[in-house]
Amino acid sequence: MCYEIRRVKQGDADALGAVQTASWKAAFRGILSEEMLEKLTDPQKTAAMYRRLLADGTGNGYIGEIDGKAHCIAYWDKTRDADMPQYAEIICIHSLPDNWRKGYGGQMMDRLLADIAQAGFEKVMLWVFTENARARAFYEAKGFRPTDKIQPAFGTTEICYVKEL
């Protein structure tokens, strides 16, 4: 298998939407209500969101491809949190469940962290569902630490994680 990480480009919206919605359906079942999960995993609406991001040039997006087929996606930008202006934010990192725990997400995270540092940031943060033990363990293995910041999100809560680069 050949795994390659590249920056997103025009024309990637459908692949971005497909990976995100499949990942959400697998990762967030039992964390989000069935109604909320159904509402948030419409591939066409998600692809439309990515078309807008690509058209506007918003954020720094990546696709990880296995043998040329999208498997993992990620986005980062400067933080959206007003009280953390010196941080970059990992907005999302998602992968298709059929290849979880094979190292592809770790390679994607390493790429994000290297690019964030190269962009001049010394700190990075992200939000993760409080109940998402699998993702929290992944972030902690990559050196992220939980903070005391918690916020409501989609009928549950998210916790803020931070890392110094």
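The structure this text deals with has already been given above.
Residues numbered from 1 in each chain as written. Predicted model: local features only at pLDDT ≥ 70, side-chain atom pairs only at ≥ 80, totals over all residues. Heavy atoms only, no water.

A.B. asks: Give a description of the pairing of strand E4 (residues 87-95) that names residues and reports values.
C.D. replies: Burial analysis of E4 places eight of its nine residues in the buried class, which makes it a mostly covered element. Read as a crossover between parallel neighbours, the route from E4 over helix H4 (residues 104-118) to strand E5 (residues 123-129) is right-handed. (Buried < 20%, exposed > 50% of the residue type's maximum accessible area, 1.4 Å probe, protein only. Helix = DSSP H or I, 4+ residues; strand = E, 2+ residues; numbered from the N terminus. Right-handed = clockwise from strand over helix to strand, strands pointing away.)

A.B. asks: Account for the packing of aromatic side chains, naming residues and giving values.
C.D. replies: The final tally for this structure, using the stated rule, is eleven aromatic pairs. For the pair Trp-24 and Phe-129, a centre-to-centre distance of 6.5 Å together with 85° between the ring planes defines the contact as edge-to-face. Here Trp-24 is found in helix H1 (residues 13-27), whereas its partner Phe-129 is found in strand E5, with 105 residues between them in sequence. The class of Phe-129 is buried, set by a relative accessible area of 5%. Summarising the aromatic geometry, the rings of Tyr-50 and Tyr-75 are spaced 5.7 Å apart at their centres and angled 35° between planes, so their arrangement reads as tilted. Remark: Tyr-75 occurs in strand E3 (residues 69-78) and Tyr-50 occurs in helix H3 (residues 43-56); sequence separation between them is 25 residues. No difference in accessibility class separates Tyr-50 from Tyr-75, as the two residues are buried. Members of the aromatic cluster, joined through ring pairs, are Trp-24, Phe-28, Phe-129 and Phe-154. (Phe/Tyr/Trp six-rings, centres within 6.5 Å; stacked < 30°, edge-to-face > 60°.)

A.B. asks: I'd love a proper account of H1, names of residues and values included.
C.D. replies: Between the first and last C-alpha of H1 there are 21 Å, a value that for 15 residues agrees with the 21 Å anticipated at 1.5 Å per step. Those residues of H1 lying buried are Ala-13, Leu-16, Gly-17, Val-19, Gln-20, Thr-21, Ser-23, Trp-24 and Ala-27. On its buried side, H1 packs onto helix H2 (34-40), H3, strand E2 (60-66), E3, E4 and helix H5 (133-141). (Expected span 1.5 Å × (residues − 1). Contact = heavy atoms within 4.5 Å.)

A.B. asks: Break down the layout of surface pockets for me, with residues and values.
C.D. replies: Rolled over the atoms, a probe sized like a water molecule indicates the empty space that remains. Its boundaries defined by the atoms lining it, the largest pocket holds a volume of some 1,200 Å³. Broken down by secondary-structure element, the contributors of at least two residues to the lining of the largest pocket are H1, H2, H3, E3, E4, H4, E5 and H5. Looking at the lining of the largest pocket, the element that brings in the most residues is E4, giving seven residues. A per-class count over the lining of the largest pocket returns 23 nonpolar, 15 polar and eleven charged. (1 Å grid on protein atoms, 1.4 Å probe; cavity = no way out; pocket = protein on both sides within 12 Å on 5 of 7 lines; lining within 4 Å. Points joined across faces, edges and corners; volume = space filled by probe spheres on them. Nonpolar A, V, L, I, M, F, W, Y, C, P; charged D, E, K, R; others polar.)

A.B. asks: Tell me about the packing of H1 against H3, and please be specific about residues and values.
C.D. replies: Running from N to C, H1 and H3 cross one another at 130°; their axes reach a closest spacing of 8 Å. As far as their axial angle goes, H3 and H1 are oblique. Crossing handedness for the pair H1 and H3: right-handed. The residues of H3 that touch H1, namely those facing Ala-13, Asp-14, Leu-16, Gly-17, Gln-20 and Thr-21, are Pro-43, Thr-46, Ala-47, Met-49, Tyr-50, Arg-51 and Leu-54. Taken together, the residues of the contact of H1 with H3 sort by class into seven nonpolar, four polar and two charged. (Axes fitted to C-alpha atoms, helices over the stretch in contact; angles between N-to-C directions. Parallel < 35°, antiparallel > 145°, perpendicular 65-115°, else oblique. Left-handed = near helix turned anticlockwise from the far one by under 90°.)

A.B. asks: So what about the environment of Tyr-87? Which residues, and what values?
C.D. replies: Along the polypeptide, Tyr-87 turns up in strand E4. Setting aside anything within four residues of it in sequence, one finds Tyr-87 in contact with Lys-78, Thr-79, Phe-121, Lys-123, Val-124, Met-125 and Val-162.

A.B. asks: Can you explain the nonpolar core? Please cite residues and give values.
C.D. replies: Counting residues in each nonpolar core, the largest one holds 24 residues, and the members touching the most others are Ile-90, Ile-93, Met-108, Met-109, Leu-112, Tyr-139 and Phe-144. Elements represented by at least two residues in this core include exactly strand E1 (3-7), E2, E3, E4, H4, E5, H5 and strand E7 (156-164). Sort the elements by how many residues they give to this core and H4 lands first, with six residues. Ignoring anything within four residues of it in the chain, the contact list for Leu-112 reads Tyr-62, Ala-74, Trp-76, Ile-90 and Ile-93. Judged by nonpolar contacts, the second largest core, of twelve residues, contains Ala-13, Leu-16, Ala-70 and Cys-92. (Core = buried A, V, L, I, M, F, W, Y, C linked by side-chain atoms within 4.5 Å.)

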